[in-house]
Amino acid sequence: MEVKSLMTALEAKHPGENEYLQAVREVLESIEEVYNQHPEFEKAKIVERIVEPDRIFTFRVTWVDDKGEVQTNLGYRVQFNSAIGPYKGGLRFHKAVTPSMLKFLGFEQTFKNALTTLPMGGGKGGSDFDPVGKSDGEIMRFCQAFMQELWQNIGPDTDVPAGDVGVGGREIGYLFGMYTKLAREYNVGVLTGKGATWGGSILRPEATGFGALYFTEHVLKTAGKDIKGCTVALSGFGNVAWGAALKATELGAKVVAISGPDGVCEIPGGITSEMIDYMLEMRASNRNKVEDMATKYPEAAKFTPGKKAWSVKCDIALPCAFQNELNGDDAKELIANGTWCCCEVSNMGCTPEAIETFQSNGILFAPGKAVNAGGVSVSGLEMTQNAMHISWSGAEVDEKLHYIMESIHSACVKYGKKADGTIDYVKGANIAGFMKVAQAMLEQGIV
Ligand code: 2IT
């Protein structure tokens with residue numbers, strides 16, 4: 001296998017699918033050396049097969065807005081790889097959603113899910129529906145229309161969607177309600193991220209952020225550092241940023257910045273528990289404005305329009321929002337301001353230039369598919385509880401989440417340890433995830 005020629009062929013086949021090509025290139029560059037030590041992979045053309053999704057469903061979603069006007073959006077489900085389990089991954093509702101974006105996310109999800117120790121394949125879906133400014137009724141009608149098209153292609157042992165950007169507990173509720181009506185059975189394991197009284201797992205809402213901080217603790221400990229007393233800048237104020245802010249604060253760090261598409265809120269005294277609670281209201285309002293935090297807490301938070309969280313001085317940077325939200329210039333600015341660690345919580349939150357800048361400057365860096373895997377892990381645990389018709393306590397789920405994040409960290413160390421003793425987490429995560437899926441594909445023959 002040679003990355004250059006493979007990428008040239010993929011670029012010709014999928015022109016303009018930039019996020020997808022970026023995600024594939026990163027994985028191929030990481031695995032090239034190991035892959036070429038396995039002639040059996042080459043013979044079964046594993047790499048040529050693993051970069052293409054098994055299938056993609058594309059559908060029209062038509063719904064009626066509050067003014068009575070007919071609206072049409074596009075819906076998708078990318079069933080990427082089911083070598084180690086049913087397709088599993090979130091739904092993203094965002095105006096910028098394209099097949100390329102969902103293919104990159106489905107590809108990443110395949111390796112992330114392999115890292116979790118649980119039997120889950122990779123999938124992703126969503127729509128170009130823009131939740132910003134929508135009423136609760138509009139959200140409900142959109143979710144119902146979306147599920148009308150999707151329901152026949154999903155199931156507890158087929159494909160299990162969940163939340164992602166723009167899809168949280170409320171949306172999963174509306175999606176599940178319509179699924180149950182259409183399927184005429186209570187197929188509880190068909191979606192994860194459900195409400196706690198109807199099959200949801202305790203700790204699922206917190207899981208991505210909590211898992212990310214557990215992983216960060218391992219990264220720091222391995223480097224002989226402690227999170228206590230560190231300043232943290234994080235981007236976003238959605239579900240993931242909320243869980244990260246909560247756990248970082250609980251562990252004794254100080255969250256000094258959160259951000260949104262409109263700008264950054266600096267919080268020099270550190271975010272308080274009241275402010276963390278308010279993040280949930282900000283998300284539920286569908287206003288998509290981080291400025292609301294400064295309006296509500298003018299003494300504690302200072303809003304600057306048009307600036308990113310990466311302009312704020314901090315020890316640890318945690319991108320928690322969107323792909324490519326931290327670029328090479330942002331990385332340089334962070335480093336100049338003294339940042340020494342960046343754990344990517346969003347999927348592909350850092351551009352290749354940012355990762356290269358961090359790594360060549362000796363900054364501790366860990367990629368999203370390892371750092372944020374706690375979310376889908378607790379989704380996997382939700383599937384287990386659903387299949388067993390039981391629900392575990394918060395303490396049980398948290399203990400399992402701790403174990404999973406530790407396992408992922410160990411896998412990264414196993415495959416990413418360099419000659420000088422430091423760890424290349426990007427390489428480690430990519431190789432560990434790839435080896436598991438590739439081996440399963442090999443054993444299952446040419447299908
Ligand atoms: O990116 C992700 O891992 C998620 N959005 C969570 C997926 C899931 O199935 O819980």
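Okay, so let's go over this structure.

Scoring rules and cut-offs
- Residues numbered from 1 in each chain as written.
- Predicted model: local features only at pLDDT ≥ 70, side-chain atom pairs only at ≥ 80, totals over all residues.
- Heavy atoms only, no water.
- Helix = DSSP H or I, 4+ residues; strand = E, 2+ residues; numbered from the N terminus.
- Buried < 20%, exposed > 50% of the residue type's maximum accessible area, 1.4 Å probe, protein only.
- Contact = heavy atoms within 4.5 Å.
- Lys, Arg positive; Asp, Glu negative; His and termini not counted.
- Charge placed at Lys NZ, Arg CZ, Asp CG, Glu CD.
- Axes fitted to C-alpha atoms, helices over the stretch in contact; angles between N-to-C directions.
- Parallel < 35°, antiparallel > 145°, perpendicular 65-115°, else oblique.
- Left-handed = near helix turned anticlockwise from the far one by under 90°.
- Nonpolar A, V, L, I, M, F, W, Y, C, P; charged D, E, K, R; others polar.
- Salt bridge = Lys/Arg side-chain N within 4 Å of Asp/Glu carboxyl O.
- Near = heavy atom within 4 Å.
- Polar contact = N/O pair within 3.5 Å; in protein donor to acceptor, adjacent residues only side chain to side chain.
- Areas by Shrake-Rupley, 256 points an atom, 1.4 Å probe, with all protein chains shown as cover.
- Expected span 1.5 Å × (residues − 1).
- Pairing = 2+ DSSP bridges.

## Structural notes on the overall build of the protein
Then comes step 1: Each helix and strand in the protein was counted, giving 17 helices and twelve strands.
Then comes step 2: For the C-alpha atoms alone, the extent of the protein along its principal axes is close to 60 × 60 × 45 Å.
Then comes step 3: In the protein, which comprises 447 residues, the proportion classed as buried is 58%.
Then comes step 4: Counting only contacts in the protein whose residues sit at least 6 apart along the sequence, the fraction spanning at least 24 positions is 72%.
Then comes step 5: Distance between charge centres in the protein, computed from 44 positive and 55 negative side chains, equals 1 Å.

## Comments concerning the packing of helix H8 (residues 204–222) against helix H9 (residues 239–250)
Then comes step 1: Look at H8 against H9: their axes get within 7 Å of each other, and the N-to-C directions meet at 50 degrees. In terms of axis orientation, H8 runs oblique to H9. H9 is crossed by H8, and the crossing has right-handed handedness. Of the residues in H9, those touching H8 at Pro205, Glu206, Thr208, Gly209, Phe210, Leu213 and Tyr214 are Asn239, Val240, Trp242, Gly243, Ala244, Leu246, Lys247 and Ala248.
Then comes step 2: Among the residues making up the contact of H8 with H9, the classes are represented as nine nonpolar, four polar and two charged.

## Here's the deal with the pattern of salt bridges
Then comes step 1: In total, this model carries 19 salt bridges according to the counting rule given.
Then comes step 2: Lys369 is the partner of Glu26 in a salt bridge, and the nearest nitrogen-oxygen pair spans 3.2 Å. One end of the pair, Glu26, is in helix H2 (residues 18–35); the other, Lys369, is in helix H14 (residues 368–371), with 343 residues separating them in the sequence. Residues Glu26 and Lys369 agree in their burial class; the two are buried.

## Structural notes on the site of the ligand
Then comes step 1: Not every one of the 13 residues close to the ligand is listed here, only the nearest: Lys88, Lys112, Asp164, Arg204 and Ser379.
Then comes step 2: Taking Lys88, its side chain carries an N or O atom lying 2.6 Å from an oxygen atom of the ligand.
Then comes step 3: Measuring from a nitrogen atom of the ligand, one finds a side-chain N or O atom of Asp164 at 2.9 Å.
Then comes step 4: The protein chains hide 93% of the 300 Å² of surface that the ligand would expose on its own.
Then comes step 5: Per element, the largest residue contribution to the shell around the ligand is three residues, and it comes from strand E3 (residues 87–93).
Then comes step 6: A per-class count over the shell around the ligand returns two nonpolar, six polar and five charged.

## Overview of the side chain of Arg204
Then comes step 1: Here Arg204 shows up in helix H8.
Then comes step 2: One buried charge, Arg204, has no salt-bridge partner; the nearest side chain with opposite charge is Glu382, at 5.4 Å.
Then comes step 3: Side chain to side chain, Arg204 and Ser379 meet in a polar contact 2.9 Å long.
Then comes step 4: Setting aside anything within four residues of it in sequence, one finds Arg204 in contact with Gly193, Gly375, Val376, Val378, Ser379 and Glu382.

## A short note on the packing of H2 against helix H17 (residues 425–443)
In a packed pair of helices, the relevant descriptors are the angle between the two axes and the axis-to-axis distance.
Then comes step 1: Running from amino to carboxyl end, H2 crosses H17 at an angle of 70 degrees, the nearest separation of the two axes being 9 Å. It follows from the interaxial angle that H2 and H17 lie roughly perpendicular. Along the contact surface, H2 presents Glu26, Val27, Ser30, Ile31, Glu33, Val34 and Tyr35, while H17 presents Val426, Lys427, Asn430, Ile431, Phe434 and Met435.
Then comes step 2: A class-by-class count of the residues in the contact of H2 with H17 yields eight nonpolar, two polar and three charged.

## Some points on helix H7 (residues 169–183)
Then comes step 1: Between its terminal C-alpha atoms H7 stretches 21 Å, which fits the 21 Å expected from 15 residues at 1.5 Å a residue.
Then comes step 2: Glu171, Ile172, Tyr174, Leu175, Phe176, Met178, Tyr179 and Ala183 are the residues of H7 that are buried.
Then comes step 3: Each element contacted by the buried residues of H7 is listed here: E3, helix H6 (136–150), strand E5 (159–163) and helix H10 (273–284).

## Examining the sheet that holds E5
Then comes step 1: The five strands are arranged E1-E2-E4-E3-E5 in an open sheet whose pairing can be described as mixed. Only two strands of the sheet have a single neighbouring strand rather than two, namely strand E1 (55–64) and E5. Each strand axis lies, on average, 20 degrees off the axis of its neighbour in the sheet, ignoring direction.
Then comes step 2: Here E1 runs beside strand E2 (residues 70–81); their pairing, made up of ten bridges, is antiparallel. Each residue of the ladder has a partner; that of Trp63, found in E2, is Gln71.

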